[in-house]
2 protein chains.
Amino acid sequence: MVTSRGVRHDSMRARNLAVVLGAIHRSGPHTRAALAELTGLTKTTVSSLVADLLEAGVVTERGVVRGGERGRPGVAVSLSGHRVATLGLEINVDYLAACVVDLTRTVRLRRTRPADNRNSDPAHLLQELRGLAKETIDDAGAAGLRVIGAALAVPGTVEGETLRSAPHLGWRDIRVAGLVDLPFAIDNEANLAALGELWFGARETDFLYVSGEIGVGAGLVVAGSLFRGTFGLAGELGHVVVVPDGPACRCGGRGCLEVYAGQDTLLGALDSVSALVSRLESGDPRALETCARAGHALGVALTSAVHLLDPGMIVLGGVFAPLFPWLEGPVADGLGARLAHMRDSPPALVVSKIGPDAAVLGAAGMIIQRIIAEPAEVLGL
Amino acid sequence: MVTSRGVRHDSMRARNLAVVLGAIHRSGPHTRAALAELTGLTKTTVSSLVADLLEAGVVTERGVVRGGERGRPGVAVSLSGHRVATLGLEINVDYLAACVVDLTRTVRLRRTRPADNRNSDPAHLLQELRGLAKETIDDAGAAGLRVIGAALAVPGTVEGETLRSAPHLGWRDIRVAGLVDLPFAIDNEANLAALGELWFGARETDFLYVSGEIGVGAGLVVAGSLFRGTFGLAGELGHVVVVPDGPACRCGGRGCLEVYAGQDTLLGALDSVSALVSRLESGDPRALETCARAGHALGVALTSAVHLLDPGMIVLGGVFAPLFPWLEGPVADGLGARLAHMRDSPPALVVSKIGPDAAVLGAAGMIIQRIIAEPAEVLGL
């Protein structure tokens, strides 16, 4: 690993704080002696760093354990779930959501407000979201948790703090600032849902998360990191070409995956995914055929995605999660047949473990990740 | 940037060697004073590190220049092209190639042996390649260059030092070891061609290199690094689905890009790319139609690739380079029409600057990159 600057003592403390907190996060609780062994730092240095982390409320001491190679008893240090937390927010086409997650990744608060946000007024909707955020932060405060950062998941493309394009909301170039008086980030819902699946779904470090919503998106996680591409626009699985001269898509193309497998196509005249699931369970031929066609299209698009992205596995999420029993067969058949000679076996195909919460949890988790990665910067240590 | 170990003095020297060599490589020549300013290291430390690099033959001193903020004259240190070099090797379906490149990325030797390597005997072909490598290393030695590492580009998938599958050679699970008595690496030709384009084609840091050969592959470079996916199999553009029920492809799928745009399809009964170019120049209708169809298929597959990978630009290489005047129109039209509503403009479409040399140069360049990134480890400093 080559940094562009040489290593001098003045930057070492910030870096070592991150190393110690990272070790506690990955494999804690640990005694100070065990942390010294794990990190290669001296016990004196570790003790001083741990004192700072205790003071900031990100770690806590718990009972006496055996620690270190020599097995001497010591006080174990672990992440604290009691003082510091982060806020996740989500604008979905069908609802607004908020959650508060503590540093141990336990969900402490969770709120959803159903709404029809298609072609909505940005100022009005953001005002509502601001209210939801404030209420949630206040309730967290009443539970003794200080919220120290927030992130927002949106169904569209993002650049900095600006929502560039969210076609299903009917928004273009909306700057989202001043939503909360805290460090703040905004990101695409499929990206954050992929990270939510990574951090809260107990996933391995490598998978393609497929987000089935009104729009179809994907987030690729490789070695525990999200792949974003050059302009942050990677993972637009919904517009992979399935049939080059197929029906027109809102993107300007033809025969995109979204035309065959987007929520609007899946539901048709039905008003909810649970209505569709009922039809499927009762063996309704039209519902079964719609799902089979969507599954076939997903199999074609995912074949192209596997060839280009080489994911560790494929996780179907969003509305594809409750439809998994009907999608699994056609998708797996398509992947199996098309990838047969190129790989020993196609990537495993599994269903999301956290369903519709993935994006809002990923948003809260992103801020936790920043605290773990850069505690000195985020906490001002 | 979080490392898993704390920073102690014993690892600092190796890291700082890389920092200083990296600065010389990126923006040199520099005086020791300028290097101290650039890296944040003390002048004493820089002088001691530069002494080691001089001794190893990777840098050299040249005339007196003005250096550093205060403009005092000093001796400039630059990469040395005179003592250390690397060897690139390539097994192509149509030829064997070798090149020697010095640390300044100047090509010092270049050899190609035409051959028909389809369904060839691995032991025999590797023996020939070993001979070519030895000759080339000896000639480099006669020119005063010590070759300190080699890499091999192959038209197939690679795992460690094993060529897993090279369908056009007819090889499967061939271990390539002992080819040279040097640090050695082996990689897919599209990956190495992408890196060749990056290092020798004076490209920006973000692009998708498309390798048109008997097989069609691609290598994605993001922020100057190759994206490899989870199993090292990313970038198989040739098997992106263009027409889901199209003609069967050797991969087990149907209607893959390779069926429409692979070299065999492009050439038909012609025996060389230059024969095809002659036909195209003379306005032969069948040749023009084949190229138009290949360009259309490339436009569809690249649309899917842009949505999934989000490349900075698209570079057409291999046999697509001489055919660029006939491919550019249909490919650009396809990308423009299909990406219209999703992006301000599609990624720029350009032709490779280094043509058929890309892969073998990328192979030599990969070892140079290792020297620059980890001089202490590679050179034993």
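Residues numbered from 1 in each chain as written. Chains lettered and ligands numbered in written order. Predicted model: local features only at pLDDT ≥ 70, side-chain atom pairs only at ≥ 80, totals over all residues. Heavy atoms only, no water.

- An unreviewed UniProt entry annotates chain A as ROK family transcriptional regulator originating from Nonomuraea diastatica.
- Its UniProt record gives chain A the following Sequence similarities (unreviewed entry) comment, quoted word for word: "Belongs to the ROK (NagC/XylR) family." (UniProt positions renumbered as here; feature names shortened; annotations may be inferred.)

## Description of the overall build of chain A
Part 1 of the reasoning: Per the secondary structure count, chain A includes 12 helices and 16 strands.
Part 2 of the reasoning: For chain A, whose C-alpha radius of gyration is 23 Å, the value lies close to the compact-globule estimate of 21 Å for 381 residues.
Part 3 of the reasoning: Seen along its three principal axes, the alpha-carbon backbone of chain A occupies a region of about 70 × 55 × 45 Å.
Part 4 of the reasoning: Scored against the burial criterion, the 381 residues of chain A give a buried share of 58%.
Part 5 of the reasoning: In chain A, the proportion of contacts linking residues at least 24 apart, taken out of those at least 6 apart, comes to 63%.
Part 6 of the reasoning: Here chain A contributes 35 positively and 40 negatively charged side chains, and the mean placements of these two sets differ by 7 Å. (Helix = DSSP H or I, 4+ residues; strand = E, 2+ residues; numbered from the N terminus. Rg over C-alpha atoms; globule rule 2.2 N^0.38 Å. Buried < 20%, exposed > 50% of the residue type's maximum accessible area, 1.4 Å probe, protein only. Contact = heavy atoms within 4.5 Å. Lys, Arg positive; Asp, Glu negative; His and termini not counted. Charge placed at Lys NZ, Arg CZ, Asp CG, Glu CD.)

## Considering the interface of chain A and chain B
Part 1 of the reasoning: Listed as interface residues are 65 residues of chain A and, on the opposing side, 66 residues of chain B.
Part 2 of the reasoning: When the two sides are added together, the surface that chain A and chain B hide from each other amounts to roughly 5500 Å², 58% of it contributed by carbon and sulfur.
Part 3 of the reasoning: The tally of links between chain A and chain B comes to zero salt bridges.
Part 4 of the reasoning: If you look at where chain A meets chain B, you find 24 residue pairs in polar contact (both at pLDDT 80 or more).
Part 5 of the reasoning: When residues of the side of chain A that touches chain B are traced back to their parent elements, those giving at least two are helix 1 (9-27), helix 2 (32-39), strand 13 (216-222), helix 9 (285-309) and helix 10 (324-339) of chain A.
Part 6 of the reasoning: Considered class by class, the residues forming the side of chain A that touches chain B number 31 nonpolar, 19 polar and 15 charged. (Buried area = accessible area lost by both parts, 1.4 Å probe. Salt bridge = Lys/Arg side-chain N within 4 Å of Asp/Glu carboxyl O. Polar contact = N/O pair within 3.5 Å; in protein donor to acceptor, adjacent residues only side chain to side chain. Nonpolar A, V, L, I, M, F, W, Y, C, P; charged D, E, K, R; others polar.)

## Side note on the environment of Asn 92 of chain A
All names here are of chain A.
Part 1 of the reasoning: With respect to the helices, strands and loops of the structure, Asn 92 is situated in the loop between strand 4 (84-91) and strand 5 (95-102).
Part 2 of the reasoning: Taking the relative accessible area as the measure of exposure, Asn 92 reaches 6% and is therefore buried.
Part 3 of the reasoning: Beyond its immediate sequence surroundings of up to four residues, Asn 92 is in contact with Asn 117, Leu 169 and Glu 213.
Part 4 of the reasoning: One polar contact links the side chain of Asn 92 to the main-chain amide nitrogen of Asp 94, over a distance of 2.9 Å.

## Quick look at the UniProt feature "domain: HTH marR-type" (unreviewed entry) in chain A
Part 1 of the reasoning: Under the feature "domain: HTH marR-type" (unreviewed entry), the UniProt entry names residues 20-62 of chain A.
Part 2 of the reasoning: Annotated as residues 20-62 of chain A, this span is 67% helix and 14% strand, and its ends, taken at the C-alpha atoms, are 17 Å apart.

## Overview of the domain arrangement of chain A
Part 1 of the reasoning: Under the domain assignment used here, chain A contains domain 1 (9-79), domain 2 (84-195 + 359-379) and domain 3 (203-352).
Part 2 of the reasoning: Here domain 1 of chain A and domain 3 of chain A have C-alpha centroids that lie 43 Å from each other. (Domains from an automatic or database assignment.)

## Examining the environment of Gly 229 of chain A
Part 1 of the reasoning: For Gly 229 of chain A, the position within the fold is in the loop between strand 14 (225-227) and helix 6 (257-261).
Part 2 of the reasoning: Distance in space between the C-alpha atoms of Gly 229 of chain A and Leu 316 of chain A is 21 Å, their sequence separation being 87 residues.
Part 3 of the reasoning: Those residues in contact with Gly 229 of chain A that lie beyond four places of it in its chain are Ala 234 of chain A together with Val 222, Leu 309 and Asp 310 of chain B.

## Re the packing of aromatic side chains
Part 1 of the reasoning: Applying the stated criterion to the full structure yields one aromatic pair over all chains.
Part 2 of the reasoning: Summarising the aromatic geometry, the rings of Phe 227 of chain A and Phe 227 of chain B are spaced 4.4 Å apart at their centres and angled 35° between planes, so their arrangement reads as tilted. Here Phe 227 of chain A is found in strand 14, whereas its partner Phe 227 of chain B is found in strand 14 (residues 225-227) on a different chain. In this structure, Phe 227 of chain A and Phe 227 of chain B share a single accessibility class: buried. (Phe/Tyr/Trp six-rings, centres within 6.5 Å; stacked < 30°, edge-to-face > 60°.)

## Here we look at the sheet that holds strand 4 (residues 84-91) of chain B
All names here are of chain B.
Part 1 of the reasoning: Read from one edge to the other, the open sheet built from five strands follows the order 6-5-4-7-11, with strand pairing classed as mixed. Whereas interior strands pair on both sides, the edge strands pair on one side only; in this sheet they are strand 6 (107-114) and strand 11 (184-188). Direction aside, neighbouring strands of the sheet carry axes that sit 15° apart on average.
Part 2 of the reasoning: Pairing of strand 4 with strand 7 (residues 146-154) involves six bridges; the strand directions are parallel. Considered in strand 7, the bridge of Ala 85 is made with Val 147.
Part 3 of the reasoning: Packing against the sheet, helix 5 (residues 189-200) makes contact with strand 5 (95-102), strand 7 and strand 11, and its axis sits at approximately 105° to strand 11. (Pairing = 2+ DSSP bridges. Axes fitted to C-alpha atoms, helices over the stretch in contact; angles between N-to-C directions.)

## So, the relation of the copies chain A and chain B
Part 1 of the reasoning: The transformation that overlays chain A on chain B combines an axial shift of 0.1 Å with a rotation of 180°, and the residual RMSD is 0.1 Å. The transformation just described matches what one would write down for a two-fold rotation axis. Residues of chain A ranked by C-alpha distance from the rotation axis are headed by Val 243 of chain A, positioned 3.1 Å from it.
Part 2 of the reasoning: A share of 100% of the interface residues of chain A reappears at the interface of chain B, consistent with the copies meeting face to face through the same patch. (Least-squares fit on C-alpha atoms with pLDDT ≥ 70 in both.)

## With respect to the side chain of Arg 105 of chain B
Residues and elements named next belong to chain B.
Part 1 of the reasoning: Tracing the chain through its elements places Arg 105 in the loop between strand 5 and strand 6.
Part 2 of the reasoning: As a buried residue without a salt bridge, Arg 105 has its nearest oppositely charged side chain in Asp 102, at a separation of 8.6 Å.
Part 3 of the reasoning: Within the local environment of Arg 105, its side chain forms a polar contact with the side chain of Gln 369, the two groups lying 2.8 Å apart.
Part 4 of the reasoning: The contacts of Arg 105, once residues within four sequence positions are left out, are His 25, Trp 199, Phe 200, Ile 368 and Gln 369.

## Brief notes about the layout of surface pockets
Part 1 of the reasoning: Of the volumes computed, that of the largest pocket is approximately 900 Å³.
Part 2 of the reasoning: Looking at the lining of the largest pocket, the element that brings in the most residues is helix 11 (residues 358-373) of chain B, giving five residues.
Part 3 of the reasoning: Lining the second largest pocket are 22 residues, with Trp 199, Gly 224, Ser 225, Gln 369 and Ala 373 of chain A sitting closest to its centre.
Part 4 of the reasoning: Mapped by element, the contributors of at least two residues to the lining of the second largest pocket are helix 1, strand 11 (184-188), helix 5 (189-200), strand 14 and helix 11 (358-373) of chain A.
Part 5 of the reasoning: When residues in the lining of the second largest pocket are grouped by element, the largest group, five residues, is from helix 11 of chain A. (1 Å grid on protein atoms, 1.4 Å probe; cavity = no way out; pocket = protein on both sides within 12 Å on 5 of 7 lines; lining within 4 Å. Points joined across faces, edges and corners; volume = space filled by probe spheres on them.)

## Some details on the sheet that holds strand 8 (residues 157-159) of chain B
Residue and element names in this part refer to chain B.
Part 1 of the reasoning: Reading across from one edge, 8-9-10 is the order of the three strands in this open sheet, with antiparallel pairing throughout. Strands with a single pairing partner mark the edges of an open sheet, and in this sheet they are strand 8 and strand 10 (171-175). Going across the sheet, the axis of each strand differs from the next one's by a mean of 15°, ignoring polarity.

## Regarding unusual backbone geometry
Among all residues except glycine, the phi angle is most often negative; among peptide bonds, the trans geometry is most common.
Part 1 of the reasoning: Residue Pro 29 of chain A is bonded to the preceding Gly 28 of chain A through a cis peptide linkage, with omega at 0°.
Part 2 of the reasoning: Following the sequence through the fold, Pro 29 of chain A ends up in the loop between helix 1 and strand 1 (30-31).
Part 3 of the reasoning: Residues other than glycine seldom take positive phi values, yet Asp 173 of chain A does so here, at roughly 50°.
Part 4 of the reasoning: Position of Asp 173 of chain A relative to the elements: it lies in strand 10 (residues 171-175).
Part 5 of the reasoning: Exposure remark for Asp 173 of chain A: the relative accessible area of 45% places this residue in the partly exposed category.
Part 6 of the reasoning: One non-glycine residue with positive phi stands out, namely Arg 105 of chain B, at about 65°.

## Quick look at the packing of helix 9 of chain A against helix 9 (residues 285-309) of chain B
Part 1 of the reasoning: The contact between helix 9 of chain A and helix 9 of chain B brings their axes to 10 Å, and the two run at 65°. Relative to helix 9 of chain B, the element helix 9 of chain A is oriented roughly perpendicular. The handedness of the crossing between helix 9 of chain A and helix 9 of chain B is right-handed. Between helix 9 of chain A, through Ser 304, Ala 305, Leu 308 and Leu 309 of chain A, and helix 9 of chain B, the contact on the second element is made entirely by Ser 304, Ala 305, Leu 308 and Leu 309 of chain B.
Part 2 of the reasoning: A class-by-class count of the residues in the contact of helix 9 of chain A with helix 9 of chain B yields six nonpolar, two polar and no charged. (Parallel < 35°, antiparallel > 145°, perpendicular 65-115°, else oblique. Left-handed = near helix turned anticlockwise from the far one by under 90°.)

## A look at helix 11 of chain A
Part 1 of the reasoning: The end-to-end C-alpha separation of helix 11 of chain A is 21 Å, in line with the 22 Å expected for 16 residues at 1.5 Å each.
Part 2 of the reasoning: Here helix 11 of chain A lies mainly inside the structure; 13 of its 16 residues are buried. (Expected span 1.5 Å × (residues − 1).)

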